[in-house]
Amino acid sequence: MAAGLREVREAHGVGLRQLARILGFAPQVLSLWEKGLRLPSVADVALILGFFKVRGEKQKHLLELARTARDPDWVSTGSPEIPGPLSGLLECERSATAVTNWALGIIPGLLQTADYARTLLSNSNLTLAQADARLAVRLGRQKILTRADPIRLRAVIYETAVLEPVGDEDIMSDQFDHLLAMSRLPNVSLRILRAGEGYHPGLLGSFLIYDYEDLPPIAFLENYSGSVFLSEREHIAAYRELAKMVSGNALSEEASRELIAEATR
């Protein structure tokens, strides 16, 4: 919905502050809606669409998103824009007690800002509806880190994911600030593995391991054309060893924060 509202406004050449003034919204609130950080009401969305005379399938789609976005189970109840593996990923995270994440090429989804995530999705051969829905999912997933009983996250990020620009300097600066803030949460361990140290098996791909209080662990692997969930004991053991290896070679948490802070300068 966020990307859809923004696209409608920009397609008509209307500035954010101009639209806010015409419709009587606070510019800051409209900006939060377009970034996916706050949810507009159905009436607010209808007002914007009516002003721009949006009709047909686009109107129907955006109003349906507005009606269902506050439902905590809207994704798993059959949104056509969300692929099965992503719905499965959400189910894994909801009941997990801890997540181990090795991120090779990009900042992990649980630690991305809205603008960073939007830039990735907009360059991923997705339709507007798909990108909009997945942005909402990605931001919603992050609540597991700040809820009343937060999940424990142990993330190791390859240095190239920090150094590779995604979007403009402002997007990256905000992303670095967000990483620093999240790294200081008591339930989050964030470390950087320096690049240029030679080959290691972690270069073969990113992965996540989900641990549960009363259930066997699950590993999740994702690539360009598909995803896979692993639960066999030998597979979990192999990825735990790999996680131990990349963690053992990574910078300390404090040194990792210094590297991220340096990247912002």
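Criteria and thresholds
- Residues numbered from 1 in each chain as written.
- Predicted model: local features only at pLDDT ≥ 70, side-chain atom pairs only at ≥ 80, totals over all residues.
- Heavy atoms only, no water.
- Salt bridge = Lys/Arg side-chain N within 4 Å of Asp/Glu carboxyl O.
- Core = buried A, V, L, I, M, F, W, Y, C linked by side-chain atoms within 4.5 Å.
- Buried < 20%, exposed > 50% of the residue type's maximum accessible area, 1.4 Å probe, protein only.
- Helix = DSSP H or I, 4+ residues; strand = E, 2+ residues; numbered from the N terminus.
- Contact = heavy atoms within 4.5 Å.
- Pairing = 2+ DSSP bridges.

**So, the pattern of salt bridges**
Note on pairing: side chains with opposite charge can pair once their charged atoms come close.
Right, on to step 1. Scanning the model with the defined rule gives ten salt bridges in all.
Right, on to step 2. Three or more residues joined by partner-sharing salt bridges are found here, namely Arg-6, Arg-9, Glu-10 and Glu-34.

**Some details on the nonpolar core**
Right, on to step 1. Core analysis: the largest hydrophobic core is formed by 33 residues, its most contacted members being Leu-111, Leu-145, Leu-153, Ile-157 and Tyr-210.
Right, on to step 2. Of all the secondary-structure elements, those providing two or more residues to this core are strand S1 (98-103), helix H7 (114-122), strand S2 (152-158), helix H9 (159-163), helix H10 (169-183), strand S3 (188-193), strand S4 (207-211) and helix H12 (253-263).
Right, on to step 3. Per-element tally for this core: the top contributor is H10, with six residues.
Right, on to step 4. Beyond its immediate stretch of four places on either side in the chain, Leu-145 contacts Leu-110, Leu-111, Pro-150, Ile-151, Leu-153, Met-182, Leu-185, Asn-187 and Val-188.
Right, on to step 5. In terms of nonpolar packing, the next biggest core, distinct from the first, is built from 18 residues, Val-8, Ile-48, Leu-62 and Ala-66 among them.

**Re the pairing of S2**
Right, on to step 1. With five of its seven residues buried, S2 lies for the most part within the structure.
Right, on to step 2. With six bridges connecting them, S1 and S2 associate as parallel partners. Bridging across to S2, Ala-98 finds its partner in Arg-152.
Right, on to step 3. Sheet topology places S2 next to S3; six bridges connect them, and they run parallel. Bridged to Ile-157 within S3 is Ile-192.

Honestly, that's just the spatial picture; any functional story needs more than this.
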